[in-house]
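In case you want the letters, here they are:
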Amino acid sequence: MILCCGEALIDMLPRTSPKDEPCFAPYAGGAVFNTAIALGRLGAPSGYFGGLSSDLFGKQLVETLDASNVDHGFCPRGDRPTTLAFVTLTDGHAQYAFYDENTAGRMLAIEDLPDLEGKVDALFFGGISLVSEPQADSYAALCAGAGDLPVMIDPNIRPGFITDEPRYRARLEKMLERADIIKISDEDMDWLKTTPEALLAHSTVILVTRGADGVDLVTSEGTTRVAAKKVEVVDTVGAGDTFNAGFLAGLRRDGLLDLGALTAANLETLAPAAELGARAAAITVSRAGANPPWENEL
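Here goes a summary of the coordinates provided.

So, how was this worked out
- Residues numbered from 1 in each chain as written.
- Predicted model: local features only at pLDDT ≥ 70, side-chain atom pairs only at ≥ 80, totals over all residues.
- Heavy atoms only, no water.
- Salt bridge = Lys/Arg side-chain N within 4 Å of Asp/Glu carboxyl O.
- Buried < 20%, exposed > 50% of the residue type's maximum accessible area, 1.4 Å probe, protein only.
- Helix = DSSP H or I, 4+ residues; strand = E, 2+ residues; numbered from the N terminus.
- Expected span 1.5 Å × (residues − 1).
- Arc of directions from axis to C-beta.
- Polar contact = N/O pair within 3.5 Å; in protein donor to acceptor, adjacent residues only side chain to side chain.

**Some words on the pattern of salt bridges**
So, step 1. Within this structure, the stated rule accounts for 14 salt bridges.
So, step 2. Here E101 ties to R106 by a salt bridge, and the two come within 3.1 Å at their closest N and O atoms.
So, step 3. A residue is classified by how much of its surface remains accessible, and E101, at 62% relative accessible area, is exposed.
So, step 4. The residue D180 makes a salt bridge to R178 at a minimum N-O spacing of 3.1 Å. Comparing D180 with R178, the two get one shared label, buried.
So, step 5. Linked by salt bridges that have partners in common, E133, D137, R167 and R171 make up one network.

Written out as structure tokens, the structure is:
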């Protein structure tokens, strides 16, 4: 199982009622949640780990995981509320109002961490769950204790969410040092003041996203560009999350999802996994919202 560890939330998207009144519609979301959903749809054994509420929105998240064949058996359940993200659009640009205090996800404690021995093949971390405490410290502890499991991280840094920058930097840098696979953008690297070459001092594979130009696959051997697939873009919501899932699913398909095989892999053998990620992401951007493709759509 590939276990995706991080935020699950409800995006409250702006709509208009039949009486022409402004209202909001609830959609299951969150970057790490989306990656777990995409993995399940791509046919990889997928798991999700994060704090889930027993409220009506928590039930919606569970139903969404079940519908995409994602195991959520490691998740602690409780009566704290689900994180809500209310979205408003101004000249087409999304703005978010987060309701995250004392929620089931944010209050994930180190005591909630599961015993993964013999049950998980790889771990994925990322998103805003690495910012807010105590969950961020809990995920950092899970990452540090991953043993010989391959770890992938997509930091997806959102400076506007960061309230304690020195603490966040210190936590994230330690997690990146542990990561075997890092997907990162130019903006992330600028904020971290790092480069792919610097990240390779600790990691095996660096994936640098280039938007419509594709992704650079970087190893100690060098760099190769995997082109993005040309499609008519509806929106880019969930594209990066779907790419992450496709890359991990591709590594598993090709027998590269363990530390020994990953370390021995070269650019030629890693490229098909990145190409699968790009193909899956292209389908996601061709339709509205975070709606990753099923395996039979590829």
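**Some words on helix α2 (residues 56–67)**
So, step 1. The end-to-end C-alpha distance of α2 is 17 Å, a good match for the 16 Å that 12 residues give at a rise of 1.5 Å each.
So, step 2. Buried within α2 we find F57, G58, L61, V62 and L65. For α2, the arc enclosing every buried residue in end-on projection is 145°, short of the 170-degree limit, so these residues lie on one face. With respect to the buried face of α2, the exposed residues turned more than 90 degrees away are L56, E63 and A67.
So, step 3. The distance from a side-chain oxygen at the start of α2 to the backbone nitrogen of F57 is 3.1 Å, and the residue carrying that oxygen is D55.
So, step 4. Directly beyond the C-terminal end of α2, a positive phi value near 65° is found at N69.

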